[in-house]
Amino acid sequence: MQKYVIANWKSNKTFESAQSWLSEFSQAVVKPWSDQLQVVVAPPLSLLQVVAEKKQLNPITQQLVLGVQDISPFAAGSYTGAVAGENLSNFPSSVSVAIVGHSERRRYFKETHQDAANKVARCLELGITPVVCVDDEYIAAQAAAIASEHLDKCVVAYEELGAIGTGNNEPVERVAELVQRIKVAFGEIPVLYGGSVKPANAGDYATICSGVLVGGASLRADSFAQIVAAFN
Ligand code: PGA
């Protein structure tokens, strides 16, 4: 099964620091990763172009896949402020992963299960892999909102709210249990874990899930490279 290690930079970094991250990352990676692993960087949209261009300049960073942290539920058109999948298609290497329904989108932007389901549909129309974020409490409700024929085309990231950005990563046994519950709801799909993943704990998750969604620890290229190594 395909594995994913995803850097979610959230609303962090500048034009300059995004470029230095790529240089530092290329130096920190000890060996190229296998085709079974997708290493994704999801920068803020305004930095997508610079990351897309700069990553092509080095054989290590060339392997990186571009992701977005959100996507419009609508096709291109009159939707002020929204970035549709069609707006993302002209980078030197195009965007192939979109994070959908992150808890910060739900909490601060009031996004619903149905919004996430609409974004999943859009991603699949465009050939983008949706990474749907779920918390324990709403796995079933989120799965119920997604069209049944779309469920096994998703990647799901289990992200317990109390573990995000707190340093309190979820115990591995509990994540293993949730991975099984998610597979019952969605099908035999890759399930990732997210919530205070760091170099010191990434190896534990590598034994029980198909990857990790990394916030804070992805901002440092050396930490992120160590997390990648744990899944390679
Ligand atoms: P964190 O964020 O790694 O900083 O906990 C994870 C996430 O929000 O996906």
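Just above, that's the structure.
Overview of the structure.

Scoring rules and cut-offs
- Residues numbered from 1 in each chain as written.
- Predicted model: local features only at pLDDT ≥ 70, side-chain atom pairs only at ≥ 80, totals over all residues.
- Heavy atoms only, no water.
- Near = heavy atom within 4 Å.
- Polar contact = N/O pair within 3.5 Å; in protein donor to acceptor, adjacent residues only side chain to side chain.
- Nonpolar A, V, L, I, M, F, W, Y, C, P; charged D, E, K, R; others polar.
- Core = buried A, V, L, I, M, F, W, Y, C linked by side-chain atoms within 4.5 Å.
- Buried < 20%, exposed > 50% of the residue type's maximum accessible area, 1.4 Å probe, protein only.
- Axes fitted to C-alpha atoms, helices over the stretch in contact; angles between N-to-C directions.
- Helix = DSSP H or I, 4+ residues; strand = E, 2+ residues; numbered from the N terminus.
- Parallel < 35°, antiparallel > 145°, perpendicular 65-115°, else oblique.
- Left-handed = near helix turned anticlockwise from the far one by under 90°.
- Contact = heavy atoms within 4.5 Å.
- Pairing = 2+ DSSP bridges.
- Right-handed = clockwise from strand over helix to strand, strands pointing away.

1. Considerations on the site of the ligand
The environment of the ligand is formed by Lys-10, His-102, Glu-159, Ala-163, Ile-164, Gly-165, Gly-195, Ser-196, Leu-213, Val-214, Gly-215 and Gly-216. Glu-159 places a side-chain nitrogen or oxygen 2.7 Å from an oxygen atom of the ligand. In this structure, Gly-215 approaches the ligand through a main-chain N or O atom, which is 2.8 Å from an oxygen atom. Residue composition of the shell around the ligand, grouped by class: four nonpolar, six polar and two charged.

2. Things to note about the nonpolar core
Core analysis: the biggest nonpolar cluster contains 64 residues, and Trp-21, Phe-25, Trp-33, Ile-182, Phe-186 and Phe-224 have the highest contact counts within it. Core analysis: the next-biggest nonpolar cluster, separate from the first, contains 13 residues, Tyr-4, Ile-99, Cys-133 and Leu-213 among them.

3. Quick look at the packing of helix H1 (residues 15–28) against helix H2 (residues 48–55)
Relative placement of two packed helices is described by the angle separating their axes and the distance separating the axes. Where H1 contacts H2, the axes come no closer than 10 Å and their chain directions differ by 30°. On the basis of their axis angle, the class for H1 and H2 is roughly parallel. As for the relative orientation of H1 and H2, their crossing is right-handed in sense. Contacts from Phe-15, Ala-18, Gln-19, Leu-22 and Ser-23 in H1 reach Val-50, Val-51, Lys-54 and Lys-55 in H2. In terms of residue class, the contact of H1 with H2 is built from five nonpolar, two polar and two charged.

4. Examining the side chain of Glu-170
Here Glu-170 is to be found in the loop between strand E6 (155–159) and helix H6 (172–186). You can call Glu-170 buried: its relative accessible area is 12%. Every residue in contact with Glu-170, bar those within four places of it in the chain, is listed here: Tyr-158, Glu-160, Ala-163, Val-175, Tyr-193 and Tyr-205.

5. Quick word on the pairing of strand E5 (residues 129–134)
Most of E5 sits out of view: five of its six residues are buried. Here strand E4 (residues 95–100) pairs with E5 via four bridges, running parallel. Its bridge partner lying in E5, Val-100 is registered against Val-132. In this structure, E5 lies alongside E6, joined through four bridges in parallel fashion. Within E6, the residue paired with Val-134 across the bridge is Tyr-158. After leaving E5, the chain enters helix H5 (residues 139–145) and then returns to the sheet as E6, a path that is right-handed.

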